[in-house]
Number of protein chains: 2
Amino acid sequence: MVPTGDPPLKRESSASSTVTMRDVATASGFSSATVSIVLNNAPLARYIAPATKKRIEDAAKKLGYRPNAMARFLRSKRSHSIGVMFFDITDPYCTPILRGIENALYQSSYVPIFADAHNQKNRFERYLEMLLEHHVEALIVVANWLLVDIHLLADVSKRNIPAATICWELDGDTVSSVMVDNEMGGRLALEHLYQLGHRKIAYIRGPKMLIDSGPRWKGIQKFAQSVKLEIDPALVTQLTDSFDANSGFEGGYRFTEELLQKKKRFTALLAFDDLTAFGAIRALTKAGIKVPEQCSVIGFDDVPLSALSAPSLTTIRQPLETMGGLAVQMVMDSINAGLEKRDWTSSRQRVTPELVIRDSTRAASQTAADD
Amino acid sequence: MVPTGDPPLKRESSASSTVTMRDVATASGFSSATVSIVLNNAPLARYIAPATKKRIEDAAKKLGYRPNAMARFLRSKRSHSIGVMFFDITDPYCTPILRGIENALYQSSYVPIFADAHNQKNRFERYLEMLLEHHVEALIVVANWLLVDIHLLADVSKRNIPAATICWELDGDTVSSVMVDNEMGGRLALEHLYQLGHRKIAYIRGPKMLIDSGPRWKGIQKFAQSVKLEIDPALVTQLTDSFDANSGFEGGYRFTEELLQKKKRFTALLAFDDLTAFGAIRALTKAGIKVPEQCSVIGFDDVPLSALSAPSLTTIRQPLETMGGLAVQMVMDSINAGLEKRDWTSSRQRVTPELVIRDSTRAASQTAADD
DNA sequence: TAGCTCTATTGAAACGATTCAATAAGCACT
DNA sequence: AGTGCTTATTGAATCGTTTCAATAGAGCTA
């Protein structure tokens, strides 16, 4: 319809053929070396005449040239991809982390290769193998549960691939890590309940296996000590080790039932994490105890559903999305250091947790004292 | 300590150098062509002597040989990766789909490259570009919300890359799709409430923009007609179009409040999806109406949190993990068809939804009739 | 003994980029 | 007129595989 100078049927539009760099070279009248230099803005581009640059860029655009990532990598050793391994994506708190990682990588035009170990060691190893085959430039491991560190450490550091863990730390200094300050989080949680006037508080501690459990409990104890609050051992239980991400909910349910059977009264419950808290709320509700009217409940993590549940959950927020971004930053720094042959030492980041007050906690004075 | 025939210090263990195929070739005493044939079990491997195979495999294992995915691809045109694009991973019902996709790919030794469009068109396009650069062999798009199909269709089909959508359908027959049978789901939901004896039922319909909204409502209407149940227009609202995955919750909350203000009584509420249902429950609870004692609520999707919330949510289950797996199967079939130069036509799968009865619904006879 | 089919193996040419060293022209100095 | 510097461009090697065509011995048939 519209008359233009272009020939009506161009090859580019019809064929599914791949446009290679050589095509751009011949189309623009320069060599592929020049094309490569211009299109990558390589150091030598300083010497390329502006007119040349323009002609090449125009040709590339016109042909719809897209560099072949594989060919590029084969030569330059850079895959522009990084491996992101989760131990169990089913765990609701993984999603914000994934979002954080994805977003940060997007900014750097890196692509995440996603892996989910399903909490199985052999699966973890197989994925590691696959990621290495794909020559990821770095590795981020989100380890909510246990992992065997030997192989990760060996394989990864041997090949000089930067690695970072989120929610987990490894011995040695080869692998960076991002974690929340669990001790501070524990303190914040108890402090909140204490300030609301609660004194008879039940606790569901995290499983031994988990790296978070210890520090969180330590923070609780320290705060209790500082205000001379007695922690009644009869009101303390601990989740058992398990490989199932949903075990938190079931554990919270079961151990709350146990606590209730003891007939020891408590006006608040401090759960290891949000899932545990949900389990606890379920058990309390089933026993006819209203949350927060008769019992306050506080969680830890601030998983996405905590804001949606009824009642919405007061919790200690981990800045999960931020943590994902930080991990990316760390491995990126390391990649760049390697590229520029600078030295680089792994680091251990601690992010600060934050109290989020919602509907599952209220002042003890408003709490009905009896069952 | 243990005396072996091996020399004490092997090159392999110390260096971070890459073991190439040529290394395996020289170590085993054969040519790299033979090594390639053996290690890939290529057609020509029929003619290779068993002893040769063994020697090559041993050498490869001993050296810790790992094929270079990039070099391999450059030659064979196969990246062994597929692109997985989400429109908003934040939406809780994406996680099971991701799990399903990941698991199916793992079985085929394919690797997923993860992309999240954040519901933004330009981001979607940029990611498409990146995925094509990485030469993914196929594309799976999980489109919970709207998307502009023109470019997807054009770019993808032009390059003969198989594509499948989950929770969305495209015009034309280039792109396969997996969807739940929404009409049946709508019917199941109303049927459940009806069988519980509910007659005064409020409805929160899905936003116009969403492909699911229409059929779901149609199923509801058809069932109502079949049992001569009158749908009171005053008890019907519709979510407004929005790009925010969380809008379901807020919408559910707001429109339930609106319904309550009308003072029209209802004993049950049928929500468009689970998030909407949670919003509705929040509003009902806030208004002093207990769920399910005074009002039953049913959702749709069965997102992971539906089982954990208090009360746990009765809902229509979409087999999300299965759907992810199906999509993988489809694109895999298509990839293989392309490889074997067979013909292949895209298909549209419908999976059946399933009623999951939990605690948010109960018989109308047990429902307190007045507010 | 020529001709054929199997078995067993390999040389060498791709694949599509990057990058180093080489070339060459122009200009400004001593 | 020789030397050195800057600008502008390119030829050719290289990355690590895959794969086609070639080679060659061996056993079988006619």
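Here, every reference points to the structure presented above.
Counting restarts for each chain: residues are numbered from 1 in the order of the written sequence. Chain labels run from A onward and ligand labels from 1 onward, assigned in the order the entries are written. Thresholds applied to this predicted model are a pLDDT of at least 70 for local features of residues and 80 or more for the giving and counting of side-chain atom pairs; totals over whole chains, interfaces and linings are not thresholded and use all residues. Side-chain measures were taken over the full set of non-hydrogen atoms in the model, leaving aside hydrogen atoms and water.

*Asks:* Is there a simple way to explain the protein's contact with DNA strand C in this structure?
*Replies:* Nearness of a residue to a molecule or strand requires only that one of the residue's heavy atoms be within 4 Å of it. Neighbouring DNA strand C are 25 residues, the closest being M21(A), S36(A), N40(A), R75(A) and T34(B). For DNA strand C, the backbone portion of the atoms within 4 Å of the protein, that is sugar and phosphate, comes to 65%. As used in this structure description, the phrase polar contact means that two N or O atoms lie within 3.5 Å; if the pair is within protein, one of them must be able to donate a hydrogen and the other to accept it, and residues adjacent in sequence are counted only when both atoms belong to side chains. Contacts to DNA strand C include A71(A), whose backbone N or O atom sits 3.3 Å from a base nitrogen. In this structure, R72(A) approaches DNA strand C through a side-chain N or O atom, which is 3.2 Å from a phosphate oxygen. Under the scheme used here, helices are H or I runs from DSSP no shorter than 4 residues and strands are E runs no shorter than 2 residues, and both carry numbers assigned from the N terminus. For the surface near DNA strand C, the elements supplying multiple residues, two or more each, are α3 (32–40) and α5 (69–76) of chain A together with α3 (32–40) and α5 (69–76) of chain B. The biggest single contributor to the surface near DNA strand C is α5(A), with 4 residues.

*Asks:* What am I meant to see in the interface of chain A and chain B here?
*Replies:* Where interface size is given, it is often the accessible area lost as the parts come together that is meant. Only heavy atoms enter the contact rule, under which two residues are in contact if any of them lie within 4.5 Å. Contacts between the two partners involve 55 residues from chain A and, on the opposite side, 55 residues from chain B. Buried area: the sum, over both parts, of the accessible surface (1.4 Å probe) that disappears when the two are put together. Interface of chain A and chain B: buried area, both sides summed, is about 5,600 Å²; carbon and sulfur atoms make up 58% of it. Looking at the side of chain A facing chain B, the largest losses of area belong to R66(A), M70(A) and L308(A), adding up to 15% of the total buried there. The term salt bridge refers to a pairing of a side-chain nitrogen on Lys or Arg with a carboxyl oxygen on Asp or Glu at a separation within 4 Å. At the junction of chain A with chain B, the criterion picks out 8 salt bridges. Note that R99(A) is salt-bridged to D88(B), the shortest N-O span being 2.7 Å. For the pair chain A and chain B, the number of links is 30 residue pairs in polar contact (both at pLDDT 80 or more). If you list the elements that add at least two residues to the side of chain A that touches chain B, you get α5, α6 (94–107), β2 (111–116), α7 (121–133), α8 (149–158) and α12 (274–286) of chain A. A per-element tally of the side of chain A that touches chain B places α7(A) first, with 8 residues.

*Asks:* Even after reading the chapter, I still don't get the packing of helix α2 (residues 21–28) of chain B against α3(B), so can you show me in this structure?
*Replies:* Each pair of packed helices can be described by the angle between their axes along with the distance between the axes. Residues and elements named next belong to chain B. To get an axis, fit a line to the C-alpha atoms, keeping to the stretch in contact for a helix; angles then go from 0 to 180 degrees between the N-to-C directions. Look at α2 against α3: their axes get within 8 Å of each other, and the N-to-C directions meet at 105°. By the angle between their directions, the pair α2 and α3 is classed as roughly perpendicular. In this structure, α2 contributes M21, R22, V24, A25 and S28 to the contact, and α3 contributes S32, V35 and S36. Considered class by class, the residues forming the contact of α2 with α3 number 4 nonpolar, 3 polar and 1 charged. For classification purposes, angles smaller than 35 degrees are called roughly parallel, those larger than 145 roughly antiparallel, those between 65 and 115 roughly perpendicular, and all remaining angles oblique. Basically, the charged four are Asp, Glu, Lys and Arg, the nonpolar ten are Ala, Val, Leu, Ile, Met, Phe, Trp, Tyr, Cys and Pro, and anything else, Gly included, counts as polar.

*Asks:* What is the right way to read the protein's contact with DNA strand D from this model?
*Replies:* Taken together, 27 residues surround DNA strand D, and among them T34(A), M21(B), S36(B), N40(B) and R75(B) come closest. What you see for DNA strand D is that sugar and phosphate hold 64% of its atoms within 4 Å of the protein. At a separation of 2.7 Å, a phosphate oxygen of DNA strand D approaches a polar side-chain atom of S36(B). In the environment of DNA strand D, a phosphate oxygen lies 2.8 Å from a nitrogen or oxygen atom belonging to the side chain of N40(B).

*Asks:* Looking at this structure, how should I read the packing of helix α9 (residues 182–195) of chain A against helix α10 (residues 213–226) of chain A?
*Replies:* All names here are of chain A. Look at α9 against α10: their axes get within 6 Å of each other, and the N-to-C directions meet at 45°. By the angle between their axes, α9 is oblique relative to α10. Judged by the twist between their axes, the crossing of α9 over α10 is right-handed. Where α9 approaches α10, its residues N182, E183, G186, R187, L190, E191 and Y194 are matched on the opposing element by P215, R216, K218, G219, I220, K222, F223 and A224. Grouping the constituent residues of the contact of α9 with α10 by class yields 6 nonpolar, 3 polar and 6 charged. Handedness of a crossing follows from how the near helix is turned relative to the far one, being left-handed for an anticlockwise turn of less than a right angle and right-handed for a clockwise one.

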